[in-house]
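Take a look at the letters that make up each chain.
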Amino acid sequence: MPEKKEGLLKSFGLKMAIIIVMSSIIGSGVFKKAAPMSAELQLPWLVVLAWVLAGVIILFGVWSIAELGTMFPHSGGPFSWLEKVYGKSLSFLYGWSCFTVIQTAAIASVAFVFAGALDTFIPLPHVSPELESFRLFGIPLFRNIGAKIVSCVLILMLTFVNIKGAKKGGSLSLVFTFSITICIVLIICAAFSNTAGSWQTFSSPGSDYPSGGFGFLAFISVMVIAIRHAFWGYEGWIALGFIGEELKHPKRDMPKAMTIGILLIIVLYALINTAYLYVMPVREMLEGVAINENKIAAVLVIDKIFGEGGAYIVSFMILISTFGCTNATILVSSRIYYAMAQKGLFFKGADRSHPKNKTPHNALKYQAAWACILTFSGSFDLLTDLVIIAAFIFYGLIVLGVIILRYKLPFAERPYRTLGYPAVPVVFVLFCLVLLGVSFYESPQQSLIGLVLILSGLPFYFIWKRSKTHLEFCEKETAEQQLSGQEDNR
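Residues numbered from 1 in each chain as written. Predicted model: local features only at pLDDT ≥ 70, side-chain atom pairs only at ≥ 80, totals over all residues. Heavy atoms only, no water.

1. Details of the overall build of the protein chain
Along its length, the protein chain carries 21 helices and zero strands. Counting only contacts in the protein chain whose residues sit at least 6 apart along the sequence, the fraction spanning at least 24 positions is 81%. Surface exposure of the protein chain reaches about 20,900 Å², of which carbon and sulfur atoms provide 66%. (Helix = DSSP H or I, 4+ residues; strand = E, 2+ residues; numbered from the N terminus. Contact = heavy atoms within 4.5 Å. Areas by Shrake-Rupley, 256 points an atom, 1.4 Å probe, with all protein chains shown as cover.)

Next up, the structure:
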């Protein structure tokens, strides 16, 4: 007997929504990005400023998409919003891009960082050099095999948890988000109470800081690059929009949860980066990273605070943060494919919710399978670059949609209206254009691969569009629209 296509359970209140926002964002970026940002800006307070400015730009994006999220609180969020603004083909390409690279590559990448942190405590196995060098279609399948296996086990385990119930997945995020927040606060307190640090250290520039300071154009250039580094630390900010259907009060809680979550993260990021540079001068940090390119800036700082053992402390924090981030990304991303499948635009069965747990179990399984395949590709740096490039194309389009709908649907109900409209969405869209321009100029190969992966969905779109399921959905949607029109006429 076929499973009944039922809706998803409304599991999340305001508190859990805030937790989902935070757990989707806090990963490894807050520990790893201080050094490259310091190398660009050379002055500690400018590094902290870059984190804050990146957060403000994200906040502008959050205030913009909250308007769409409260107008259309559907599962899959951005997939549904893009359809309302631009039509089905572009919304499909977004959903397809999330499946092929944006969300699944993020899951694979963060899970791999988790495995790398675990290797600090438990050495993971490797195969022989001959197998390590073996390539299938250019892919080193067996290189770092232990980390790949751990990554896949983590993905499959967390997928199982989320199939058992969205509330279970949310509760897991609550535990790990609370834990990593406490760890970050303790590091901040330890740094400011340690005699190794001082405000003189914090005000000391790096050795490459220009003697007369940055010129205007040079300052804009290095600040944009630093903000781009920081933005990886904020990736995942759009996550709450994916689960609008499962919020108990989406029109009330979505804007609040997004705003509160981002503001808390901005404060945490600003404080911990201030703590890093309060304890360790820019010059010393960059010299330490230069000696070993795999060295994490946070490890150097914590070694200075606590002595040898900083690697274990930071690795433990990365284990916590990446575990929570992987779980949250698995939870929210599967809702996109569930929403696509309901329209007949995804693989068979992904539109079904679990008869008992009311979770999109088949969509979760498809997601886990592809994320594990990406894990074995071995191209994690490439995947990370592709996530940013592909995501920003759609982030800009989504926020631009707020402006377009103000003209297309001027009298539509808007439970929440974007703060600072139209300046807020315009600034965000301009930032997306600048970032994409820089990416296409600096990384043309990755940018081209990103475009190819986005457009690779077109053959599937035309196949699924002609399928029986999609035709039935369109007929049902047309009938509902006609009925709605008749009721309006009355």
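2. Quick word on the nonpolar core
Membership of the largest hydrophobic core comes to 154 residues, with the highest contact counts inside it found for Phe31, Trp237, Ile262, Tyr276, Met285, Phe392 and Tyr395. Per-element accounting of this core gives the leading share, 17 residues, to helix 6 (residues 88-121). When sequence neighbours within four positions are dropped, the list of residues in contact with Phe392 reads Phe231, Phe431, Cys432, Leu435 and Leu436. (Core = buried A, V, L, I, M, F, W, Y, C linked by side-chain atoms within 4.5 Å. Buried < 20%, exposed > 50% of the residue type's maximum accessible area, 1.4 Å probe, protein only.)

3. Quick word on the confidence of the model for the protein chain
Overall, the predicted model of the protein chain reaches an average pLDDT of 80, with 84% of residues at or above 70. Element-level pLDDT for the protein chain is lowest in helix 21 (residues 468-489), with a mean of 60, against a maximum mean of 91 in helix 4 (residues 44-71). Ignoring residues within four places in sequence, the model shows residues 1-5, a span with pLDDT below 50, making eight contacts including any to other chains. (pLDDT = per-residue confidence, 0-100.)

4. Concerning unusual backbone geometry
Here the residue pair Tyr421 and Pro422 is connected by a cis peptide bond, since its omega of 5 degrees sits within 30 degrees of zero. When you line up the elements, Pro422 lands in the loop between helix 17 (380-408) and helix 18 (423-442). Backbone geometry places Gln42, a non-glycine residue, at a positive phi of 70 degrees. Within the secondary structure, Gln42 sits in the loop between helix 3 (34-41) and helix 4.

5. Regarding helix 1 (residues 14-25)
Over its twelve residues, helix 1 runs 17 Å from end to end, which matches the ideal 16 Å to within 8%, given 1.5 Å per residue. Taken across its twelve residues, helix 1 has ten buried, putting it largely inside the fold. Among the residues of helix 1, those classed as buried are Met16, Ala17, Ile18, Ile19, Ile20, Val21, Met22, Ser23, Ser24 and Ile25. (Expected span 1.5 Å × (residues − 1).)

6. Things to note about the environment of Ile163
Among the secondary structure elements, Ile163 is positioned in helix 8 (residues 145-164). Take Ile163: its relative accessible area is 13%, and that puts it in the buried class. Residues Ile163 and Lys365 lie 202 residues apart in sequence; the distance between their C-alpha atoms is 8.7 Å. With near-sequence residues (within four places) excluded, Ile163 lies in contact with His354, Asn357, Thr359, His361, Leu364 and Lys365.

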